[in-house]
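As a plain string of letters, each chain reads:
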Amino acid sequence: MSTATRRPRDTEFASGKGEVLLQASDVLMQFGGLTAVKDVNMTVHEGEIVGLIGPNGAGKTTFFNCLTGLYKPTSGEVRLAGEQIPPKPRKVVKAGMARTFQNIRLFGNMTALENVMVGTYCRTTSGVLTTVLRGPKFHREEKETRAKAQELLDFVGLGHTTELLARNLPYGDQRRLEVARALATDPKVVLLDEPTAGMNPQETQQASDLIFRIRDTGRAVVVIEHDMRFIFNLCDRVLCLVRGEVLVEGSPEQVQSDPRVIEAYIGTGDDDDFDDDDVQEGPA
Amino acid sequence: MNIPKITISPRPNVGKALLAGGAVLLIVAALLAWSYDSTILGDLSISGNPAPLQEFAIVMGVVGLIEAALVHRRLTSLSWWDTTSSARALAVGTLVYIVLIDYNIAYQSGGVINLDPGAWLALVGALVMVAGSFLLAPVKVTNQLKVHGANWLEIVVITATLAALLFMVAFILRGDDGGSVLAALAAGGTFGVLLFRGGFFTWLSVAAARHRPVIMLGALVVALLFPLTQNGTDANMSIAVDIAIFLCAALGLNIVVGLAGLLDLGYIAFLGTGAYVGAMMSSAASATIGWHPPFLVVALLGALTSAVLGLIIGSPTLRLSGDYLAIVTLAFGEIFHTAVNNMDGTNGPDLTHGPNGIAGIPDLNLFGFNFGSTHNLGSFTISNYSNYYILLVLVAALIITIFSRLNNSRIGRGWIAIREDERAAEAMGVNIFGLKILAFAGGAFLAGLAGTIQAHATPSVVPDNYTFQESSFLLAAVVLGGMGTVVGVALGATVLKLLPEKLRFIEDYRLLIFGLALVLMMRFRPEGLIASRRRQLEFHDEDENLADIVQEEHVDEQKANA
């Protein structure tokens, strides 16, 4: 596992320089009388890491579900690489957007490798006839799938767990396996729903490192997190969602110093996250 | 299958002596007469000339002696063999076997008084063996998965196991009264449990994976050789044909239930569709369609009709969650039964002749090979039913190939992912609906194919062959045997079809017995008799220990295959 700590944001994919990959415009999601997400706009560029923060129930996961086609927004639209996203989750995946879940949803009784191989489903095409007749295409594709899955396991640092059952993996490894599975779908945009929930500081550090490396492959990453130290260190841009609306959007520095954010989300009294010199890149 | 745990302080030396002594008694007893009456259970009345059932007792005795010799475990090459557990299984099985036989003799000849000394001696021998085996000390065995013999030796052992299986099945079928069949079943069960407790099957499972082509080919050859054990008679072959049709349908259902995890309660209707298409397009006098293409065309049409029906039923319902599908398929089964019962010309078009069905369907004729006549193969005679049996075995082999190839592929992984977590699978880009409809229509296709053969193999096609009860038996075969495994379903189908045929006295109670068996299975072994590892894990979500064991086996297997 590489142990890179913080990574500068001025790489070749610095914020705003790449093309727009994901654009959500005026997304409104209502369940009956309840408005869970209200007129949210979000633009994500190639090679950018965007953070989504907000108190519990602010509508972050609901917004994710709108992005990935799990919910159909009441109004507004979501464009992925210029195209409106298709109405079904699996088609959204095929169009190039993959996600992980807040509560880990791995296929527990499959091995780590098989889990990642499932992720390649939408990028492979062996049909019934090819499978039953076991033609050359089947063997080629199976071999490629296997190699790609192994490569991704290595990428997230789980190369040694190939043949282990997902349900037997430690918690942190399960989180990383979910990321590997999402990457197997070959996404342009990766949505991570609380990727460090329940992790210890060391695992959190590894998670940041992993997200930087995903960013460095040219993908865009959108992260929901509650861990402020993690998110301000990681993201190029942060959106703070409160009661379904974007309260503040801006650089981590802008967002973390905004009094409204402190009031709405972090509350008062506990200043740990803000006084830690390790976290801050510049003056708050 | 579980031998009760009895806590007695072990006395290995006494146990060994008792086990050996009991085994000797058993062998001696087998050489004596067990009954005055020569008509009971074959002929057990002649001293010095053991009948087949007595020969089994001798074999049990000899195995008992071998176990006794192995008790001190000096043979390092057999350190994986669990002598104590297997000896207990042997002793208890032998006791059951002898008690069954003695009970039968006593029952048929009118009292315990009519048991000859041999029968008593055998009982004593078996009891002594049981006592001895429970005095043996528990042993620590080495991991059977890591046993790796010479290649030729492994192949020989696998072949011998298959041959023994063939012999055992032929022997069980030879019995013509309930008592003999039950006794033969007890003997077969004893040897099976003996090998299971000893750890042989654990080894066999990985060894079979190492020599996959050998075991596949071997099993096919054994299945094809079976008619030769019947001396050209049709009595058992007609049962075997029934079982083979039932097995083909169960294997098709296994794709739907075992792989895709869809509950289909009306599956027999797809078999019926194939059978009716086969019958209506046959050259029978009562066939209702004027066009009589060659059988291969009919078979394809029957299978396609079934698949189309599957598509029609599946496409609206497969979008919903599990229970709805069960209800709709249940209804579909009933609709099929009612429809074929009524398409008799008065209530609707005359397609099926209603309750009378389509009778007098001629035998198949494929490429000039007439399935209705007997053929000679050297000195062996292949009878009418044997022809169908062989064809059905080949169809079953085809279905098994399709099953296992689909299972070990991208499609199979998709099915597992759906069973594990449907929403997560969809969020990972798996085409849930497509995969479900593939399993559903594919299963229907295979059942339809088997149905077209059934139309010719059975004298007539009538609606009452395709009732809900048959669907539930098919499902029971899959669930009892083990969802998602080929061997398990083959076992389940065979047991479910064979027992009522051979043990006529349970005929009236078979629903009760299978119902009870299902309830007990669901409570104690929900993954079925022969479980697929994955299914076992799914049914025991909380069992960390099992997960570790399975994982270890999997890693070992990967290493062995590498």
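Details of the structure are given in the entry above.
Residues numbered from 1 in each chain as written. Chains lettered and ligands numbered in written order. Predicted model: local features only at pLDDT ≥ 70, side-chain atom pairs only at ≥ 80, totals over all residues. Heavy atoms only, no water.

Undergrad: Mind laying out the nonpolar core, listing which residues take part and the relevant values?
TA: Across soluble globular proteins, nonpolar side chains have a tendency to be buried as a group. Grouped together as the largest cluster of nonpolar side chains are 163 residues, with contacts concentrated most on Trp34, Tyr97, Ile101 and Trp415 of chain B. By residue number, the principal contributor to this core is helix H9 (residues 235-259) of chain B, which donates 18 residues. Dropping the residues within four chain positions of it, Ile101 of chain B is found in contact with Trp34, Leu41, Leu44, Leu53 and Ala183 of chain B. Counting 41 residues, the second largest nonpolar core, distinct from the first, contains Leu106, Ala112, Phe212 and Val242 of chain A. (Core = buried A, V, L, I, M, F, W, Y, C linked by side-chain atoms within 4.5 Å. Buried < 20%, exposed > 50% of the residue type's maximum accessible area, 1.4 Å probe, protein only. Helix = DSSP H or I, 4+ residues; strand = E, 2+ residues; numbered from the N terminus. Contact = heavy atoms within 4.5 Å.)

Undergrad: An account of the environment of Val92 of chain B is needed here, citing residue identities and associated values.
TA: Topologically, Val92 of chain B is positioned in helix H3 (residues 83-109). Taking C-alpha positions, Val92 of chain B is 8.2 Å from Met129 of chain B, a pair spaced 37 residues apart along the chain.

Undergrad: Can you explain the interface of chain B and chain A? Please cite residues and give values.
TA: When the parts come together, some accessible area is lost, and that loss is often what is quoted as the size of the interface. Residue-level contacts link 36 residues of chain B with 39 residues of chain A. Carbon and sulfur atoms make up 57% of the surface buried where chain B meets chain A, a total of about 3600 Å² over both sides. Among the residues chain B hides against chain A, the three largest losses belong to Arg410, Arg413 and Met428 of chain B. Together they make up 24% of the total. The interface formed by chain B and chain A includes 2 salt bridges. The closest approach of N and O atoms between Asp421 of chain B and Arg105 of chain A, which form a salt bridge, is 2.8 Å. (Buried area = accessible area lost by both parts, 1.4 Å probe. Salt bridge = Lys/Arg side-chain N within 4 Å of Asp/Glu carboxyl O.)

Undergrad: Can you break down helix H6 (residues 178-198) of chain B residue by residue, with the values?
TA: The terminal C-alpha atoms of H6 of chain B, which comprises 21 residues, lie 30 Å apart, in line with the 30 Å expected from a rise of 1.5 Å per residue. In the stretch just after H6 of chain B, Gly199 of chain B is the one whose phi turns positive, near 100°. (Expected span 1.5 Å × (residues − 1).)

Undergrad: Any details on a negative patch on the surface? Residues and values, ideally.
TA: A contiguous patch of negative charge, built from Glu542, Asp543, Glu544, Asp548 and Glu552 of chain B, is present on the exposed surface. One can find Glu542 of chain B in the loop between helix H20 (533-539) and helix H21 (544-561). (Patch = residues over 30% accessible without salt bridge, like charges linked within 9 Å, V, L, I, M, F, W, Y side chains within 5 Å. Areas by Shrake-Rupley, 256 points an atom, 1.4 Å probe, with all protein chains shown as cover. Lys, Arg positive; Asp, Glu negative; His and termini not counted. Charge placed at Lys NZ, Arg CZ, Asp CG, Glu CD.)

Undergrad: Outline the sheet that holds strand E4 (residues 75-80) of chain A, listing residues and values.
TA: Residues and elements named next belong to chain A. Spatially, 4 strands are ordered E2-E1-E4-E5 in an open sheet, and the strand pairing comes out antiparallel. Edge positions in the sheet fall to strand E2 (34-45) and strand E5 (83-84), since each of these pairs with one other strand and no more. Bridge count for strand E1 (residues 20-31) against E2 is 8 bridges, and the pairing is antiparallel. Paired with Val27 across the strands is Val40, a residue of E2. Along the sheet, helix H1 (residues 60-67) contacts E1, E2 and E4; its crossing angle with E1, the most-contacted strand, is approximately 115°. (Pairing = 2+ DSSP bridges. Axes fitted to C-alpha atoms, helices over the stretch in contact; angles between N-to-C directions.)

Undergrad: Go over the packing of aromatic side chains with me, naming the residues and quoting the values.
TA: In the structure shown here, the tally under the stated rule is 16 aromatic pairs over all chains. Relative to Tyr71 of chain A, the ring of Phe31 of chain A has its centre 5.4 Å away and its plane inclined at 80°; by these criteria the two rings are edge-to-face. Here Phe31 of chain A is found in strand E1, whereas its partner Tyr71 of chain A is found in the loop between H1 and E4, with 40 residues between them in sequence. With a relative accessible area of 37%, Phe31 of chain A lands in the partly exposed category. Ring geometry for Phe226 of chain B against Tyr389 of chain B: centres 5.7 Å apart, planes inclined by 55°, an arrangement best described as tilted. (Phe/Tyr/Trp six-rings, centres within 6.5 Å; stacked < 30°, edge-to-face > 60°.)

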